[in-house]
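Each chain is listed here by its residues.
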Amino acid sequence: MDDGMIVVAVDDSGPGVPEDERARIFVEGVSSKAPAGARGPHRRGIGLALVRRVVRRRRGDVSVTDSPLGGARFVVRLPIDAPSPTTSAHEAVPA
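Figured I'd write up the structure that's included with this text. What you see is a predicted model; the values in this text were computed from it and never measured. (Residues numbered from 1 in each chain as written. Predicted model: local features only at pLDDT ≥ 70, side-chain atom pairs only at ≥ 80, totals over all residues. Heavy atoms only, no water.)

Description of the packing of aromatic side chains
Consideration 1: For the structure shown, the criterion picks out one aromatic pair.
Consideration 2: Relative to Phe74, the ring of Phe26 has its centre 6.4 Å away and its plane inclined at 80 degrees; by these criteria the two rings are edge-to-face. Of the two residues, Phe26 sits in the loop between strand S1 (5-11) and helix H1 (36-39) while Phe74 sits in strand S3 (residues 72-79), which places them 48 residues apart along the sequence. An identical accessibility class is assigned to Phe26 and Phe74; each is buried. (Phe/Tyr/Trp six-rings, centres within 6.5 Å; stacked < 30°, edge-to-face > 60°. Helix = DSSP H or I, 4+ residues; strand = E, 2+ residues; numbered from the N terminus. Buried < 20%, exposed > 50% of the residue type's maximum accessible area, 1.4 Å probe, protein only.)

What follows is the structure, encoded as structure tokens:
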């Protein structure tokens, strides 16, 4: 915990995220992976966009920096007292 916030950091040892791409990777549809047609019919660039959406709804923040492991470090900061948002039927994620 840090100043009334819960902080979760995840490090990896992959290629990292170039500084000029760090803001873009949280946009739905942006991915570091090959285009969907080259690897199958699945959509790309959904995971980090969803993380950002959920974290922001709970008045938090998500960021990416360099990891001491050589790859990327993703940091999520959430207020301890964040209220649970109401979810409408069209926003619900199927199980």
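Details of the pattern of salt bridges
For side chains bearing opposite charge, pairing can occur when the charged atoms are close.
Consideration 1: This structure, assessed with the given rule, holds five salt bridges.
Consideration 2: As a salt-bridge pair, Arg59 and Asp81 come within 3.2 Å of each other at their nearest N and O atoms. In this pair, Arg59 is assigned in the loop between helix H2 (47-57) and strand S2 (61-66) and Asp81 in the segment after S3, connecting sequence segments 22 residues apart.
Consideration 3: A relative accessible area of 49% means that Arg59 is categorised as partly exposed.
Consideration 4: Overall, Asp81 belongs to the exposed group, its relative accessible area being 59%. (Salt bridge = Lys/Arg side-chain N within 4 Å of Asp/Glu carboxyl O.)

Things to note about the pairing of S2
Consideration 1: Pairing analysis gives six bridges linking S2 to S3, with the strands arranged antiparallel. Considered in S3, the bridge of Val64 is made with Phe74.
Consideration 2: Linking S2 to S3, which pair antiparallel, is a turn of five residues; within it Gly70 sits at a positive phi near 105 degrees. (Pairing = 2+ DSSP bridges.)

Focus on the sheet that holds S3
Consideration 1: One open sheet holds the three strands; their spatial order is S1-S3-S2, and the pairing between them is antiparallel. Edge positions in the sheet fall to S1 and S2, since each of these pairs with one other strand and no more. The average angle at which neighbouring strand axes cross in this sheet is 20 degrees, direction not considered.
Consideration 2: The sheet strands contacting H2 are S2 and S3, and the helix crosses S3 at an angle near 25 degrees. (Axes fitted to C-alpha atoms, helices over the stretch in contact; angles between N-to-C directions. Contact = heavy atoms within 4.5 Å.)

Some points on a nonpolar patch on the surface
Consideration 1: On the surface, a cluster of nonpolar side chains totalling about 330 Å² of accessible area is made up of Ile6, Val8, Val10 and Ile80.
Consideration 2: Mapped onto the secondary structure, Ile6 falls in strand S1. (Patch = residues over 30% accessible without salt bridge, like charges linked within 9 Å, V, L, I, M, F, W, Y side chains within 5 Å. Areas by Shrake-Rupley, 256 points an atom, 1.4 Å probe, with all protein chains shown as cover.)

Here's the deal with the environment of Gly71
Consideration 1: For Gly71, the position within the fold is in the loop between S2 and S3.
Consideration 2: Residues Gly71 and Gly16 lie 55 residues apart in sequence; the distance between their C-alpha atoms is 3.8 Å.
Consideration 3: Setting aside chain neighbours within four positions, we find Gly71 in contact with Asp12, Ser13, Gly14, Pro15, Gly16, Thr65 and Asp66.

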